[in-house]
Amino acid sequence: MAETHVLFVEDDDVIREATQLALERDGFAVTAMPDGLSGLAAFRADRPDIALLDVMVPGLDGVSLCRRIRDESTVPVIMLSARADSIDVVLGLEAGADDYVTKPFDGAVLVARIRAVLRRFGHASGGQPGNGDRESQPLGGVLVFGDLEVDTEGMEVHRGGEQVALTPTEMRLLLEFSAAPGTVLSRDKLLERVWDYGWGGDTRVVDVHVQRLRTKIGQDRIETVRGFGYKLRP
């Protein structure tokens, strides 16, 4: 089975080399680049399975690079940020990143987060097959909510007859809502089901993805239930 290919963009030489070695020991093939422009060129040339982008890299910063990648592909993206409370975290998620990891990070935690993202996208991780679809996903069929149609077999979404382009993470989030319309899903539950977090995670990841999903399927389709979470309006 082919190795999972990681594009890693990081300007700190020590972090870049140490992380590349750690990922390669875990069975990943890694292309490591020191700046955003070379990272974009490598992405276009190699079409990796996942991109790992530091926010603060020269030439083309990580957020802008993420946006450029998202314009061309739905490949999973994880941002690296030096500060957990930085606005860069939210900017990266709004640019299309699927998750983020705060520096300094433990190598095992980084690998676990990469594998969790890859499982959601159906890739192998570190040469191992993914876990496939979660049991929480709805069975086949077309679900209709007003002008919104969710094809759970074809993995397509239409709104008012027009196809809606969703990233795999956005699609999995919508599938969770569609499986239980009218039921409030907490942020922690969504982190567990969509992001495969077996531990506490940053709920900003959920909030930003819900907002991104709303812009595509309608602002009123997903309702905020203050203090509890979100629900899909039937």
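Residues numbered from 1 in each chain as written. Predicted model: local features only at pLDDT ≥ 70, side-chain atom pairs only at ≥ 80, totals over all residues. Heavy atoms only, no water.

This part takes up the overall build of the protein. From N to C terminus, the protein includes eight helices and 11 strands. Total accessible area on the protein is roughly 10600 Å²; 49% of this is exposed by carbon and sulfur atoms. (Helix = DSSP H or I, 4+ residues; strand = E, 2+ residues; numbered from the N terminus. Areas by Shrake-Rupley, 256 points an atom, 1.4 Å probe, with all protein chains shown as cover.)

Turning our eyes to something else, we now look at the sheet that holds strand β6 (residues 142-145). Strands belonging to one sheet form pairs held by backbone hydrogen bonds; the direction of such a pair is parallel or antiparallel. Pairing within the open sheet is antiparallel, and its four strands lie in the order β6-β7-β8-β9. Each end of this open sheet is capped by a strand with a single partner; those strands are β6 and β9 (162-164). With strand direction ignored, the average angle separating the axes of adjacent strands in the sheet is 25°. With four bridges connecting them, β6 and strand β7 (residues 148-151) associate as antiparallel partners. Residue L143 lies in a different strand from β7, and its bridge partner there is V150. Sitting on the sheet, helix α6 (residues 168-179) touches β6, β7 and β8 (156-159), and the angle it makes with β7 is about 105°. (Pairing = 2+ DSSP bridges. Axes fitted to C-alpha atoms, helices over the stretch in contact; angles between N-to-C directions. Contact = heavy atoms within 4.5 Å.)

L53, M79 and F177 are the most contacted members of the largest nonpolar core, which has 49 residues in total. For this core, the element with the most residues is helix α8 (residues 204-217), which contributes six residues. Those residues within four positions of M79 in sequence are excluded, and the remaining contacts are L53, V55, G62, V63, C66, G92, A97, D99, Y100 and V101. Core analysis: the second largest hydrophobic core is formed by 16 residues, I50, V101, V117 and F121 among them. (Core = buried A, V, L, I, M, F, W, Y, C linked by side-chain atoms within 4.5 Å. Buried < 20%, exposed > 50% of the residue type's maximum accessible area, 1.4 Å probe, protein only.)

Helix-helix packing is characterised by the crossing angle of the two axes and by the distance between the axes. Packing of helix α2 (residues 36-46) against helix α3 (residues 62-72) brings their axes to within 10 Å, and their N-to-C directions diverge by 20°. Taken as axis vectors, α2 and α3 run roughly parallel relative to one another. Every pair of crossing elements has a handedness; the one defined by α2 and α3 is right-handed. For the pair formed by α2 and α3, the contact residues are G36, G39, L40, F43 and R44 on the first element and L65, R68, I69 and E72 on the second. Taken together, the residues that form the contact of α2 with α3 break down as four nonpolar, two polar and three charged. (Parallel < 35°, antiparallel > 145°, perpendicular 65-115°, else oblique. Left-handed = near helix turned anticlockwise from the far one by under 90°. Nonpolar A, V, L, I, M, F, W, Y, C, P; charged D, E, K, R; others polar.)

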